Amino acid sequence: MIDRFEAALAERVGAPYAAAVSSGTAGLHLAVRLAGLGEGDEVVTTPFSFVASANCLLYEGATPVFADIDPRTLNLDPAAVDAAITPRTKAILAVDIFGYPAEYSELEAIAERHGLALIEDACEALGAEYRGEPIGSRGAPTVFAFYPNKQITTGEGGAVAVRTDEEWALLKSLSNQGRSDSGEWLTHSRLGYNYRLDDISAALGLAQVEKLDRILELRAEVAGRYADLLGDADGVEIPLADDADHKRSWFVYVVHLAEGIDRNGVMAKLAGQGIASKPYLPSIHLQPYWRERFGTREGMYPVSEGASARSLALPFHTRLAEADQVRVVEALAASLR
Ligand SMILES: Cc1ncc(COP(=O)(O)O)c(C=O)c1O
């Protein structure tokens, strides 16, 4: 089932190879190993992401250097990436936050100009497209994740899409205790991990990949209904629409409240009506572990911090019914009055 899942996934994302792993985080860690990043190497990445996209650099002793985001896309601002590069920079790790593709042509050009590796964290973006091509098809190692909140799930699980057979073989070895390429049973030729996906999860994943187009269609319908319903709501900014270069794969539905609105108050009022909502998501540099270890603080990445402070994830899943969405939007509008 692993072979079949990897083949189906690779085909769907337009990559020659995909290596299944036990989580998105495991995939990111292996992508960092693949790029050979370690002590003393700086990697430019986004503070507006789930913590794993920066933690994976710490696992190998590399130094994350945050660059602020574009307030429209909430993804890395290429100009900020360029400005963050030093002689120690070895890579850029881009994230397609909320399933919206990052600015790959600009990021690739910067990487090429400075001789840097590029890693794509597409854990939230399976099925998204950049300039008409699926995310995962551009050649840089691209990491996907299959936790149950994702577009498709294997329970826990992830995968890394790569261009070459050598990269794929190295990923398989690293995820399987560094077993030797010759396939000898108890021969371990490098430091590896148990990052294997199991066969049962792969069977689930295969069935899910086969349904992916339908899942994406349904999620886009749910998002489209929210956009229609929220169209006139004062004080609520809806997610950025697709354009010719960016086709989002809907992962979450995150709105931004106007400055000055008491988000906790809004969340409490929604909760009072049995409607869950969450700030989504906090900037990584303001997480307690990061503040303590690196001394990062408010004011360092103002665009990311602003997006974090005003964001609100609304209930969202593939089969969310219109009547429920109407109820959510009415409750949200009432909570803002
Ligand atoms: C942007 C991003 N990166 C990495 C991960 C980590 O994936 P996982 O939870 O499968 O380890 C996630 C998922 O939660 C994510 O959203």
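Structure first, text after, so check above.
Quantities reported herein were computed from a predicted structural model and do not represent experimental measurements.

**Things to note about the site of the ligand**
- In the vicinity of the ligand, 14 residues are found, and the nearest of them are Gly24, Thr25, Asp121, Glu124 and Lys150.
- In this structure, Gly24 approaches the ligand through a main-chain N or O atom, which is 2.8 Å from an oxygen atom.
- Against a free-state accessible area of 390 Å², the protein chains account for coverage of 92% of the ligand.
- Among the elements that make up the shell around the ligand, the one with the highest residue count is helix α2 (residues 24-34) (three residues).
- Of the residues contributing to the shell around the ligand, the split by class is six nonpolar, five polar and three charged.

**Side note on the pairing of strand β5 (residues 117-121)**
- For β5, the buried fraction is high: four of the five residues fall into the buried class.
- Bridge count for strand β4 (residues 89-95) against β5 is five bridges, and the pairing is parallel. For Leu93, the partnering residue across the bridge sits in β5 and is Ile119.
- Considered for its hand, the β-α-β crossover made up of β4, helix α5 (residues 104-114) and β5 is right-handed.
- Direction of pairing for β5 relative to strand β8 (residues 142-145): parallel, over a ladder of two bridges. What sits directly across from Asp121, in β8, is Val143.

**Quick word on the sheet that holds strand β9 (residues 158-162)**
- With mixed pairing, seven strands are arranged side by side in an open sheet as β1-β9-β8-β5-β4-β2-β3. Each edge of the sheet is formed by a strand with only one pairing partner; in this case those strands are β1 (17-21) and β3 (63-66). Sheet twist, expressed as the average angle between the axes of neighbouring strands with direction ignored, equals 25 degrees.
- For strand β2 (residues 42-45) and β4, the ladder comprises four bridges, and the chain directions are parallel. Its bridge partner lying in β4, Val43 is registered against Ala91.
- Along the sheet, α5 contacts β4 and β5; its crossing angle with β4, the most-contacted strand, is approximately 170 degrees.

**With respect to the nonpolar core**
- One finds Val81, Ile92, Leu126, Phe144 and Phe146 to be the most contacted residues of the largest nonpolar core, which totals 42 residues.
- Element by element, the count of residues in this core is highest for helix α1 (residues 2-13), at five residues.
- If you look at the next biggest cluster of nonpolar residues, it comprises 39 residues, including Val21, Ala26, Val32 and Ala145.

**Points about the packing of α1 against helix α7 (residues 199-210)**
- Running from amino to carboxyl end, α1 crosses α7 at an angle of 35 degrees, the nearest separation of the two axes being 8 Å. The chirality of how α1 crosses α7 is left-handed. For the pair α1 and α7, contact is made by Ile2, Arg4, Phe5, Ala8, Leu9 and Arg12 and by Asp199, Ala202, Gly205, Leu206 and Val209, respectively.
- A class-by-class count of the residues in the contact of α1 with α7 yields seven nonpolar, one polar and three charged.

**A few points about the pairing of strand β12 (residues 253-257)**
- The buried fraction of β12 is high, at five of five residues.
- Along β12, one buried face is formed by Tyr253, Val255 and Leu257 and the opposite face, lined by Val254 and His256, is buried too.
- Relative to β12, strand β10 (residues 236-237) runs antiparallel, the two being bridged by two bridges. Across the sheet, residue Val236 finds its bridge partner in β12, namely Leu257.
- Strand direction decides the pairing type here: β12 and strand β13 (residues 311-314), joined by four bridges, are antiparallel. The residue of β13 that forms the bridge with Tyr253 is Leu314.

Calculation rules
- Residues numbered from 1 in each chain as written.
- Predicted model: local features only at pLDDT ≥ 70, side-chain atom pairs only at ≥ 80, totals over all residues.
- Heavy atoms only, no water.
- Near = heavy atom within 4 Å.
- Polar contact = N/O pair within 3.5 Å; in protein donor to acceptor, adjacent residues only side chain to side chain.
- Areas by Shrake-Rupley, 256 points an atom, 1.4 Å probe, with all protein chains shown as cover.
- Helix = DSSP H or I, 4+ residues; strand = E, 2+ residues; numbered from the N terminus.
- Nonpolar A, V, L, I, M, F, W, Y, C, P; charged D, E, K, R; others polar.
- Buried < 20%, exposed > 50% of the residue type's maximum accessible area, 1.4 Å probe, protein only.
- Pairing = 2+ DSSP bridges.
- Right-handed = clockwise from strand over helix to strand, strands pointing away.
- Axes fitted to C-alpha atoms, helices over the stretch in contact; angles between N-to-C directions.
- Contact = heavy atoms within 4.5 Å.
- Core = buried A, V, L, I, M, F, W, Y, C linked by side-chain atoms within 4.5 Å.
- Left-handed = near helix turned anticlockwise from the far one by under 90°.

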